[in-house]
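For reference, the chains in residue letters:
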Amino acid sequence: MTSGIGRVWARLAVLLPARADMTEMGRSPRRDLLAGLTVAIVALPLALGFGVSSGLGAEAGLATAVIAGALAAVFGGSNLQVSGPTGAMTVVLVPIVAEHGPTGVLTVGLLAGLMLVALAALRAGKYMQYVPAPVVEGFTLGIACVIGLQQVPNALGVAAPEGDRVLVVTWRAVEEFARQPNWTAVALAAGVAVVMLVGARLRPTVPFSIVAVIAATVVAQLADLDAAAPIGDLPSGLRAPSLGFLDVSALGSLLAPAVAVAALAALESLLSASVADGMTVGQKHDPDRELFGQGVANIAAPLFGGVPATGAIARTAVNVRTGAGSRLAALTHAAILALIVFAAAPLVSKIPLAALAGVLLATAIRMVEIGSLRAMARATRSDAVILVLTAVATLALDLVYAVIIGLVVAGGLALRAVAKQARFDQVPLDRGDHSAEEHALLAEHIVAYRIDGPLFFAAAHRFLLELTDVADVRVVILRLSRVSTMDATGALVLKDAVEKLNRRGIIVMTSGIRPGQRQALDSVGALGLLRREGREYATTPEAINGARDHLRSAGLLPVVPRSKSVPDARTANEEAVR
């Protein structure tokens with residue numbers, strides 16, 4: 001009992017903040033404080049916009065950015081990661097809000113946080129490396145499209161139509177705009193987006209998002225534009241922690257959405273941390289600790305009225321580019337946003353919704369890396385199919401389903417490619433010490449096949465068809481030393497082929513069975529079938545000698561003294577013909 005508790009504590013201790021983190025934070029505080037300030041300026045309009053888009057309001061986005069941003073910075077596995085509300089998470093939350101309401105979203109966030117902590121304890125972070133690049137690129141493209149389409153109602157200045165399918169909602173918003181155009185909202189949204197996109201090209205270090213939002217807010221206030229609907233009143237402070245939102249009776253129906261949120265939080269956070277590592281030298285995140293940090297952040301954020309959070313790729317990239325070197329930058333970002341919540345809520349509440357829509361439209365456009373998409377599409381046809389399919393599934397279905405579909409299709413295409421590598425070739429018999437006449441007789445009655453590559457479920461059927469279609473011979477020798485892997489399906493197919501050939505009066509002998517293949521062959525009875533007849537040999541020359549003995553006993557070869565043969569078939573080229 002005591003040892004078990006000790007092991008659990010040892011595992012948790014690895015996931016908790018270490019003294020080295022504090023040491024790192026003291027190395028260049030001025031640079032980290034400046035980076036944190038820059039990230040906060042960039043994050044403010046994004047937090048407000050994603051909060052509004054989620055359906056819980058701008059205050060939920062700010063609460064998430066403050067609480068989740070601070071806790072993920074302390075407990076996470078990356079020194080440079082910046083966490084908060086993201087567009088990808090917003091896409092998942094919209095249908096949850098439509099079906100379960102705001103309390104459902106908060107409950108889902110809490111459940112997802114617990115799941116992330118469990119994943120960290122199970123050391124699941126390392127499996128992120130198995131997600132193929134086309135799936136990630138397709139996923140990102142699909143998210144960008146969804147985020148852009150979600151902003152259409154606010155950008156057009158119409159009330160958001162009901163529904164949880166973004167394509168349907170967008171179409172209804174366009175129809176409403178056609179009936180009653182609101183060109184003021186369109187001008188504000190387009191102006192903010194253009195300033196951000198053009199400004200980022202001219203002066204990448206300037207936070208044009210906050211500049212554009214301030215300008216749009218000033219214009220809307222000075223011109224008294226009624227058509228530019230503001231965010232609305234924000235609370236001057238964070239909501240007190242509470243578990244009052246929990247609806248225990250709905251937990252069963254919320255488990256599936258919680259799994260989707262946890263999966264997305266894990267995927268996006270680990271991807272963002274990997275991007276941060278790639279942008280720096282000497283930085284390497286701990287994937288399990290990152291999952292733990294995101295779990296803690298998502299457990300706490302709902303208690304303050306926040307939505308589920310993840311590592312944010314865009315904010316993390318800004319953090320790295322502005323010179324951040326430790327967790328102090330992300331903590332500074334959260335502290336500045338908290339100061340804005342307490343001191344500037346009345347001013348923030350006057351920001352037009354159309355301006356935030358412009359920020360998110362520009363963000364969606366900047367998420368799409370044309371060069372990466374073009375390179376991925378040109379790599380192979382399979383990569384292009386996976387990318388397009390994942391993007392379409394993200395847009396039409398659900399983000400988690402899209403990733404699952406992408407992974408399944410990628411796995412299927414990979415198995416297909418591996419299966420094609422399996423070769424089943426007839427090889428000439430080794431002449432050894434046989435005379436020309438005897439070799440001709442052997443060639444008439446014996447055929448040898450060499451199997452190269454994997455013999456598993458994806459390639460086994462083709463193997464069975466080719467093997468059972470052999471010509472009318474008396475002995476078939478299967479050279480298995482080059483089989484790279486064999487599963488139960490491959491072993492069953494091999495057994496089935498041996499039985500079918502035996503019923504035709506053809507003897508099957510094998511050579512070079514590896515130790516790793518014996519378990520699969522033995523489990524289905526194929527190994528016993530070969531051993532029972534004494535037809536398993538260590539090397540191919542031994543199998544040929546065994547076949548020759550069989551043909552002599554059947555009267556198909558003349559009986560001659562065996563002094564000419566080499567004992568145990570230890571020929572100089574034995575390894576070459578195994």
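Residues numbered from 1 in each chain as written. Predicted model: local features only at pLDDT ≥ 70, side-chain atom pairs only at ≥ 80, totals over all residues. Heavy atoms only, no water.

Colleague: Sorry, what's going on with the nonpolar core here?
Modeller: If you look at the biggest cluster of nonpolar residues, it comprises 89 residues, and the most contacted ones within it are L48, V261 and L337. Dropping the residues within four chain positions of it, L337 is found in contact with A40, A43, L44, A65 and V66. Within the second largest apolar cluster, 30 residues are counted, among which are I451, L480, V493 and I513. (Core = buried A, V, L, I, M, F, W, Y, C linked by side-chain atoms within 4.5 Å. Buried < 20%, exposed > 50% of the residue type's maximum accessible area, 1.4 Å probe, protein only. Contact = heavy atoms within 4.5 Å.)

Colleague: Would you explain the packing of aromatic side chains in this entry?
Modeller: Within a pair of aromatic rings, the relevant descriptors are the distance that separates the centres and the angle that separates the planes. Evaluation of the coordinates by the stated rule reveals 2 aromatic pairs. Aromatic pair F75 and F292: ring centres 6.2 Å apart, planes at 70°, arrangement edge-to-face. Here F75, found in helix α4 (residues 58-75), pairs with F292, found in helix α12 (residues 287-300); they are 217 residues apart in sequence, far enough to count as distant. Judged by relative accessible area, F75 falls into the partly exposed class, the value being 21%. Taking relative accessible area as the criterion, F292 reaches 8% and is therefore assigned buried. (Phe/Tyr/Trp six-rings, centres within 6.5 Å; stacked < 30°, edge-to-face > 60°. Helix = DSSP H or I, 4+ residues; strand = E, 2+ residues; numbered from the N terminus.)

Colleague: Help me out: how do you make sense of the pattern of salt bridges in this one?
Modeller: As a working rule, side chains carrying opposite charge can pair if their charged atoms are close by. The final tally for this structure, using the stated rule, is 6 salt bridges. R518 is paired through a salt bridge with E536; the nearest N and O atoms lie 2.6 Å apart. Of this pair, R518 sits in helix α23 (residues 515-523) while E536 sits in strand β8 (residues 536-537), placing them 18 residues apart in sequence. Close ionic contact of R552 with D549 constitutes a salt bridge, the shortest N to O distance being 3.6 Å. Pair noted here: R552 and D549 are both in helix α25 (residues 540-553), with a separation of 3 residues, about one helical turn. Owing to a relative accessible area of 11%, R552 belongs among the buried residues under this scheme. You can call D549 partly exposed: its relative accessible area is 29%. (Salt bridge = Lys/Arg side-chain N within 4 Å of Asp/Glu carboxyl O.)

Colleague: Mind showing me how you'd approach unusual backbone geometry here?
Modeller: Leave glycine aside and you will find that most residues have negative phi; peptide bonds, for their part, are mostly trans. Of note in the backbone geometry, R123 takes a positive phi value of approximately 60° without being a glycine. With respect to the helices and strands, the residue R123 is situated in the loop between α5 (87-121) and α6 (133-150).

Colleague: Is there a simple way to explain the side chain of S511 in this structure?
Modeller: Tracing the chain through its elements places S511 in strand β7 (residues 507-511). At 3.1 Å, the side chain of S511 forms a polar contact with the side chain of T540. Setting aside anything within four residues of it in sequence, one finds S511 in contact with L478, R479, L480, S481, Y537, A538, T539, T540 and A543. (Polar contact = N/O pair within 3.5 Å; in protein donor to acceptor, adjacent residues only side chain to side chain.)

Colleague: What exactly am I supposed to notice about the confidence of the model for the chain here?
Modeller: Parts of the prediction with low pLDDT should not have their coordinates interpreted in detail. The predicted model of the chain averages 80 in pLDDT, with 85% of residues at 70 or higher. The least confident element of the chain, judged by mean pLDDT, is helix α26 (residues 574-577) at 44; the most confident is α12 at 94. In this model, residues 563-578 is a region of pLDDT below 50 whose contacts with residues beyond four sequence positions or in other chains number 24 contacts. (pLDDT = per-residue confidence, 0-100.)

Colleague: Please clarify how the environment of P541 should be interpreted in this entry.
Modeller: Along the chain, the position of P541 falls in helix α25. With a relative accessible area of 6%, P541 lands in the buried category. For the pair P541 and S511, spaced 30 residues apart in the sequence, the C-alpha separation amounts to 8.7 Å.

Colleague: Is there a simple way to think about the pairing of β7 in this case?
Modeller: Side-chain positions along a regular strand alternate between the two faces of the sheet. Most of β7 is tucked away: 5 of the 5 residues are buried. Sheet topology note: the strand β5 (residues 475-479)/β7 ladder contains 5 bridges and is parallel. Bridge pairing links I477 to M509 in β7. Bridge analysis of β7 against β8 gives 2 bridges, and the strand direction is parallel. The residue bridging T510 from the neighbouring strand is E536, located in β8. (Pairing = 2+ DSSP bridges.)

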